[in-house]
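Next come the chains, spelled out residue by residue.
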Amino acid sequence: MSFPTEPGGPGGEAAEAGLYRFRADAEQAGPAVFTAPGDVVGGGFGLFESAATPGRIGAVPHYHQGFSESFWVISGRLAVMSGTRWEVLGSGDFSHVPVNGIHAFAAVGDDVARFLILFVPGAPREEYFRRLADLIGRGASAAEIDAMALECDQVNLRDWRSDPVPGG
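Residues numbered from 1 in each chain as written. Predicted model: local features only at pLDDT ≥ 70, side-chain atom pairs only at ≥ 80, totals over all residues. Heavy atoms only, no water.

Caption draft 1: Summary view of the overall build of the chain. Along the backbone of the chain there are three helices and 11 strands. The secondary structure elements of the chain, listed N-terminal to C-terminal, are α-β-β-β-β-β-β-β-β-β-β-α-α-β. Accessible surface computed for the chain: about 9200 Å², of which carbon and sulfur atoms make up 55%. (Helix = DSSP H or I, 4+ residues; strand = E, 2+ residues; numbered from the N terminus. Areas by Shrake-Rupley, 256 points an atom, 1.4 Å probe, with all protein chains shown as cover.)

Caption draft 2: Broad picture of the layout of surface pockets. Quantified by volume, the largest pocket comes out at close to 620 Å³. What lines the largest pocket is a set of 26 residues, and nearest its centre among them are Ile57, Gly58, Ala59, Leu132 and Ile136. Classifying every residue of the lining of the largest pocket gives 15 nonpolar, seven polar and four charged. (1 Å grid on protein atoms, 1.4 Å probe; cavity = no way out; pocket = protein on both sides within 12 Å on 5 of 7 lines; lining within 4 Å. Points joined across faces, edges and corners; volume = space filled by probe spheres on them. Nonpolar A, V, L, I, M, F, W, Y, C, P; charged D, E, K, R; others polar.)

Caption draft 3: Fine view of helix α3 (residues 142-151). Every buried residue of α3 is accounted for by Ile145, Met148 and Ala149. Seen from one end, α3 has its buried residues packed into an arc of 105°, which puts them on one side. Among the exposed residues of α3, those pointing more than 90 degrees away from its buried face are Ala143, Leu150 and Glu151. For α3, the elements touching its buried residues are α2 (126-137) and β11 (155-156). Just downstream of α3 lies Asp153, where phi reads positive at about 55°. (Buried < 20%, exposed > 50% of the residue type's maximum accessible area, 1.4 Å probe, protein only. Arc of directions from axis to C-beta. Contact = heavy atoms within 4.5 Å.)

Caption draft 4: Focus on the nonpolar core. Counting residues in hydrophobic clusters, the biggest one holds 29 residues, and the most contacted among them are Phe71, Leu78, Phe105, Phe115, Tyr128 and Phe129. In this view, Phe105 contacts Ile57, Gly58, Ala59, Phe71, Leu78, Ala79, Val80, Trp86 and Phe115; residues no more than four positions away in its chain are not counted. In terms of nonpolar packing, the next biggest core, distinct from the first, is built from six residues, Ala79, Met81, Ile102 and Val108 among them. (Core = buried A, V, L, I, M, F, W, Y, C linked by side-chain atoms within 4.5 Å.)

Caption draft 5: Layout of the sheet that holds strand β9 (residues 103-108). Taken in spatial order, the five strands make up an open sheet running β7-β6-β9-β4-β11, and their pairing is antiparallel. Across the chains shown, the open sheet's two edge strands, defined by having one partner strand only, are β7 (85-89) and β11. (Pairing = 2+ DSSP bridges.)

Caption draft 6: Structural context of the confidence of the model for the chain. Mean pLDDT for the chain: 89, with 88% of residues reaching 70 or above. The element-level mean pLDDT for the chain is lowest in helix α1 (residues 13-16), coming to 49, with β11 highest at 98. (pLDDT = per-residue confidence, 0-100.)

Caption draft 7: View of unusual backbone geometry. Note that the residue after Val120, namely Pro121, is joined by a cis bond; omega there is -5°. On the secondary structure map, Pro121 appears in the loop between β10 (113-120) and α2. Unlike most non-glycine residues, Asn100 shows phi in positive territory, near 70°. Even without being a glycine, Asp153 presents a positive backbone phi close to 55°. Looking at the secondary structure, you find Asp153 in the loop between α3 and β11. For Asp153, a relative accessible area of 22% translates into the label partly exposed.

In structure tokens:
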């Protein structure tokens with residue numbers, strides 16, 4: 001068995017196609033930075049950086065039918081809901097939400113929460129975040145946002161009842 005000597009095989013095609021990616025080169029929509037979108041990393045996963053401001057919901061209760069979602073907190077405190085229960089995560093903490101898992105998140109405490117979101121497989125979430133930023137920017141209604149979300153494999157459950165969001 002032989003192994004390639006260059007990333008992507010002879011000729012280094014993967015390096016030329018963007019094997020190395022710098023944060024400064026990543027697209028941003030609202031607070032989401034498309035760090036490693038699925039189409040850049042071969043579709044197995046998608047990795048975004050995001051931020052949430054305390055006092056505002058980061059994401060209403062919702063679920064996805066085609067991918068799991070995981071959160072890793074870089075800084076600040078992020079409350080993540082699973083089912084009906086909230087847990088507060090701090091720097092270095094991780095939470096995994098399986099396919100069809102009902103979840104939500106919100107920053108708590110005094111500081112903006114910065115976190116990574118991992119989508120498996122690499123669902124094309126860029127369209128959702130681009131369209132969400134546009135809708136929020138023009139003051140769209142919750143019904144408009146929910147209709148768009150549904151087109152992007154996100155079923156929002158605005159009437160979902162859960163424990164209160166912890167204070168932080």
